[in-house]
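Structural characterization, general
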Amino acid sequence: MSWGNELWDQYDNISSHTHKGIEFLDKYGSFVRDRCAIEIDYAAKLRRLVKNYQPKKKEEEDSEFTSFQSFRNVLKEIGDLAGQREVVAENLQQQVLSGINLLSKNLRDERKKALQEGQTLTQNLQAHYGALERAKRNYEKAYRDAEKAVENYQKADADLNLSRAEVEKQRHNMNMKCAQSDDAKNEYANQLQKLNRLQSVHFETALPDVFNRLQEIDEKRTRGLKEFIKGAADVEASVAPIISRCLEGIVKASESINEKEDSIKVIERYQSGFMPPNDVPFEDLSKMDTNSQHSSNAVGGTNVNHMTSKGTVTANKLKKRVGIFGIFGSNKNSLAPDGMKEDFSDLPPTQRRKKLAAKVQELTTKVQQEQAARDGLMKMKGVYEANSVLGDPMTVEKQLNESNHNLEKLKQELRKYQHMLEQATNQSILQQSPKSATRQNHTQNGQRGSRHSNGSEHHDHHHSRDGEDQPDDAGSLSSSSASPESGLGTSHTSLPGSGQGSASEQINDDHFYDPEPLQPLGTCRALYPFEASSEGSIPIKDGEELHVIELDQGDGWTRVRRMNEWTEGFVPTTYIEITLFVDVEGVDHLYVNIDNKAEQQ
């Protein structure tokens with residue numbers, strides 16, 4: 001079916017329809033243009049987002065964690081996604097939008113030509129209609145004049161009063177009018193034949209050709225729109241595999257996160273290497289007079305342990321304290337560019353060993369590089385000595401001497417740091433004293449003291465060392481309190497003298513009585529509820545007030561006692577806010593309290 005046959009009389013409607021069709025094509029072109037702008041803006045915002053969230057310099061130290069590495073990979077993939085959106089916008093502009101503009105221009109030109117031709121054909125037909133109408137009006141006028149002339153002649157011929165000349169005049173007028181009427185009739189007939197032939201050609205051939213061309217223009221416009229929509233989808237599909245790989249990269253980055261590995265790295269970064277302090281021994285005041293030497297030793301050890309328990313701080317707190325009290329002191333050790341001492345003695349043992357090992361590795365690499373440079377200079381000198389044409393050997397002599405000097409300096413520095421590392425390693429090995437074994441030993445000693453206090457059979461020094469005495473049910477204490485959060489193997493939960501044995505029992509090196517309850521160092525308030533899940537710990541409620549018996553000794557646990565009770569145990573240091581008494585360790589409590597609050601915030 002064609003427009004020329006079916007719509008032969010719908011010229012105006014066809015003209016309007018083709019105009020609206022081309023306008024619709026232009027509208028789709030505007031849609032593609034706006035989409036390109038959105039794609040470009042989206043890509044720019046993605047790139048700005050990636051730039052804003054790039055790790056800062058101060059965050060580089062956290063780059064070793066898998067979570068940070070994963071996030072960096074995610075940012076890289078998002079940047080690649082932004083690039084693909086830019087590719088989509090560029091291809092839409094080049095392949096779709098430019099094609100739409102070109103097609104729209106061509107269709108407008110073809111439609112204009114077709115409409116002009118149709119208008120010409122219509123004007124020609126209208127002109128023939130006008131000529132036919134004029135010929136018909138002339139014929140009608142000539143016919144009426146001929147009829148009137150015939151009537152006048154008949155009247156004159158019948159009238160006997162008129163002369164023969166008058167009658168001849170009327171006959172001549174009649175013949176002339178009849179001849180004019182015949183001529184007008186023939187002209188009208190000719191114009192009618194021409195119009196019919198033209199009208200037949202116009203509506204059967206000429207105008208249908210114009211309509212058919214307009215139909216082709218409209219179909220080309222529709223077909224072009226179809227191809228452009230499909231082309232836009234193809235542009236999107238062409239980057240889909242790359243976008244899919246970017247998404248796969250994001251998934252792979254998420255799968256690379258290892259919480260256990262990050263936890264180990266946290267240990268490696270912050271582990272101080274300090275050993276937890278031993279339990280505080282019991283001081284039997286009744287033996288002070290009889291055994292002054294033993295008492296003096298016990299008191300001395302107790303003072304040291306009390307200082308250890310009251311002055312327990314983390315490595316960072318220790319650094320702050322040393323920095324404050326060392327303002328006016330002389331600094332015999334030079335500082336490195338990063339503000340640390342050259343031998344890293346201001347760091348905890350484990351961190352110092354890591355820094356020294358890294359320094360040794362760095363110096364080893366520098367020594368190897370300097371050796372390679374020196375070997376190259378020596379080879380160059382040998383070549384110059386063998387063939388003086390190539391160069392003067394003395395030109396590299398100065399560089400060679402300088403290289404030897406630098407190499408010797410690096411080797412000395414390397415030996416110095418290797419010696420420091422060896423000393424730090426040996427010192428760490430010597431200081432390794434398992435806290436669990438010490439606590440278990442103290443627990444066993446406490447058990448022996450309890451048995452003696454309860455009047456059990458006295459065993460000699462060698463007997464108790466062999467471990468042949470068996471604890472009774474009433475006086476036995478748990479020996480499984482060797483975990484870091486435990487410390488109740490020697491828990492002071494009973495008053496001295498509560499046992500039924502004699503208070504004058506001899507205290508051997510391996511025997512201790514149950515110590516008296518420690519005096520509180522201060523108070524604390526629970527910031528969060530804590531459910532005790534391990535031996536030696538006690539549960540606390542949010543906002544609960546407790547006495548502080550022993551401060552955190554580097555293991556993250558603080559020993560507390562309930563108000564108006566003898567229940568003691570360990571709770572996480574980060575779960576409480578500590579306020580020490582003013583007369584406890586003078587200045588030390590100030591830093592512990594301030595640092596503890598800072599950690600909570």
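The residue numbers shown here count from 1 along each chain, following its written sequence. Only residues with pLDDT of at least 70 are given local features in this predicted model, and only at 80 or more are side-chain atom pairs given and counted; all residues enter the totals for whole chains, interfaces and linings. Hydrogens and water are ignored here; the side-chain numbers use all heavy atoms of the structure.

**Looking at the nonpolar core**
- Among the nonpolar cores identified, the biggest contains 36 residues, and Val32, Leu92 and Leu214 are the most heavily contacted of them.
- Strands here are runs of E lasting at least two residues and helices are runs of H or I lasting at least four, both read from the DSSP assignment and numbered beginning at the N terminus. Residue assignment for this core shows that the elements contributing at least two residues are helix 2 (11–52), helix 3 (66–158) and helix 4 (164–255).
- Take this core: its biggest share by element is 14 residues, from helix 3.
- Ignoring anything within four residues of it in the chain, the contact list for leucine 92 reads Val32, Arg35, Cys36, Leu97, Ala232 and Val235. The term nonpolar core refers to a set of buried residues drawn from Ala, Val, Leu, Ile, Met, Phe, Trp, Tyr and Cys, joined through side-chain atoms within 4.5 Å. Each residue's exposure class comes from its accessible area (1.4 Å probe, protein chains only) as a fraction of the maximum for that residue type: buried when under 20%, exposed when over 50%, partly exposed otherwise. What makes two residues a contact is simply this: any of their non-hydrogen atoms within 4.5 Å.

**Remarks on the packing of helix 3 against helix 4**
- Closest axis-to-axis distance for the helix 3/helix 4 pair is 6 Å, and the angle between their directions is 175°. Between helix 3 and helix 4, the crossing angle belongs to the class labelled roughly antiparallel.
- Residue classes follow a fixed rule: Ala, Val, Leu, Ile, Met, Phe, Trp, Tyr, Cys and Pro count as nonpolar, while Asp, Glu, Lys and Arg count as charged, and any other residue, Gly among them, counts as polar. Its residues placed into classes, the contact of helix 3 with helix 4 shows 50 nonpolar, 23 polar and 19 charged. Inter-axis angles, ranging from 0 to 180 degrees, are taken between N-to-C directions of lines fitted to C-alpha atoms, where helices are fitted over the stretch in contact. Orientation categories follow fixed angle ranges, with anything under 35 degrees roughly parallel, anything over 145 roughly antiparallel, 65 to 115 roughly perpendicular, and all other angles oblique.

**Focus: the pattern of salt bridges**
- Salt-bridge detection follows one rule: a side-chain nitrogen of Lys or Arg within 4 Å of a carboxyl oxygen of Asp or Glu. Within the structure shown, the criterion is met by 26 salt bridges.
- Note that aspartate 26 is salt-bridged to arginine 108, the shortest N-O span being 2.4 Å. One end of the pair, aspartate 26, is in helix 2; the other, arginine 108, is in helix 3, and 82 residues separate them in sequence.
- Residue class for aspartate 26 comes out partly exposed when judged on its relative accessible area of 26%.
- Arginine 108 gets classed as partly exposed once you look at its relative accessible area, which sits at 35%.
- As a salt-bridge pair, glutamate 408 and arginine 415 come within 3.7 Å of each other at their nearest N and O atoms.

**Here we look at the packing of aromatic side chains**
- The criterion for an aromatic pair is that two Phe, Tyr or Trp rings (for Trp, the six-membered ring) have centres within 6.5 Å, with stacked assigned to planes under 30 degrees apart, edge-to-face to planes over 60 apart and tilted to the rest. Scanning all chains against the criterion turns up nine aromatic pairs.
- Between tryptophan 8 and phenylalanine 203, the aromatic rings sit 5.4 Å apart at their centres with planes inclined by 85°, giving edge-to-face as the arrangement. With tryptophan 8 in the loop between helix 1 (3–6) and helix 2 and phenylalanine 203 in helix 4, this residue pair connects regions lying 195 residues apart in the sequence.
- The partly exposed category is assigned to tryptophan 8, whose relative accessible area is 41%.

**Quick word on the pairing of strand 5 (residues 576–580)**
- Taking every second residue as pointing to the same face, the buried face of strand 5 carries Ile576, Ile578 and Leu580, while none of Glu577 and Thr579 on the other face is buried.
- Judged from the five bridges that link them, strand 1 (residues 522–526) and strand 5 form a sheet pairing that is antiparallel. Of the residues in strand 5, the one forming a bridge with cysteine 524 is isoleucine 578. Strand pairing is assigned whenever DSSP identifies at least 2 bridges connecting the two strands.

**Side note on the sheet that holds strand 4 (residues 568–572)**
- The five strands lie next to each other as 4-3-2-1-5, forming an open sheet whose pairing is antiparallel. A strand with exactly one partner marks an edge of an open sheet, and here the two such strands are strand 4 and strand 5. Taking each pair of neighbouring strands and ignoring which way they run, the sheet shows an average axis angle of 40°.
- Here four bridges tie strand 2 (residues 545–550) to strand 3 (residues 557–562), and the two strands are oriented antiparallel to one another. Opposite histidine 547, over in strand 3, you have arginine 561 as the bridge partner.

**Considering the confidence of the model for the chain**
- Taken over all residues, the pLDDT of the chain has a mean of 75, while the share at 70 or more is 73%.
- Every residue in residues 433–515 scores below 50 in pLDDT, and together they form 137 contacts with partners more than four places removed in sequence or on other chains.
- Residue-level confidence of the predictor, termed pLDDT, takes values from 0 up to 100. In the model, residues 583–601 has pLDDT below 50 throughout and makes 37 contacts with residues more than four positions away in sequence or in other chains.

**Observations concerning the environment of tyrosine 139**
- Positionally, tyrosine 139 belongs in helix 3.
- Residues tyrosine 139 and aspartate 182, spaced 43 residues apart in sequence, show a C-alpha to C-alpha distance of 8.0 Å.
- Leave out the neighbours within four places in its chain, and tyrosine 139 touches Ser181, Ala184, Lys185 and Tyr188.

**Considerations on the environment of lysine 381**
- Within the secondary structure layout, lysine 381 lies in helix 8 (residues 349–386).
- Spatially, the C-alpha atom of lysine 381 lies 8.6 Å from that of threonine 395, the residues being 14 residues apart in sequence.
- Aside from chain neighbours lying at most four places away, what touches lysine 381 is Pro393, Val396, Glu397 and Leu400.

**Some thoughts on a nonpolar patch on the surface**
- A cluster of nonpolar side chains, Leu49, Tyr53 and Phe71, forms an exposed patch at the surface whose accessible area comes to about 310 Å².
- Among the structural elements, phenylalanine 71 can be located in helix 3. Here a patch means residues that are over 30% exposed by relative accessible area and free of salt bridges, tied together within 9 Å if like-charged and within 5 Å if nonpolar (Val, Leu, Ile, Met, Phe, Trp, Tyr). Note on areas: Shrake-Rupley with a 1.4 Å probe; residue coverage comes only from the protein chains shown.

**A closer look at the packing of helix 2 against helix 4**
- It is at 10 Å that the axes of helix 2 and helix 4 come closest, and there the two elements cross at 15°. The pairing of helix 2 with helix 4 is recorded here as roughly parallel in orientation. You can see that helix 2 and helix 4 cross each other, and the crossing is left-handed. Touching Tyr11, Ile14, His17, Thr18, Gly21, Ile22, Phe24, Leu25, Tyr28 and Arg35 of helix 2 are Leu207, Phe211, Leu214, Asp218, Arg221, Leu225, Phe228, Ile229, Ala232 and Glu236, all from helix 4.
- In terms of residue class, the contact of helix 2 with helix 4 is built from 13 nonpolar, three polar and four charged. By convention, the crossing between two helices is left-handed when the near helix turns anticlockwise from the far helix through less than a right angle, and right-handed when the turn is clockwise.

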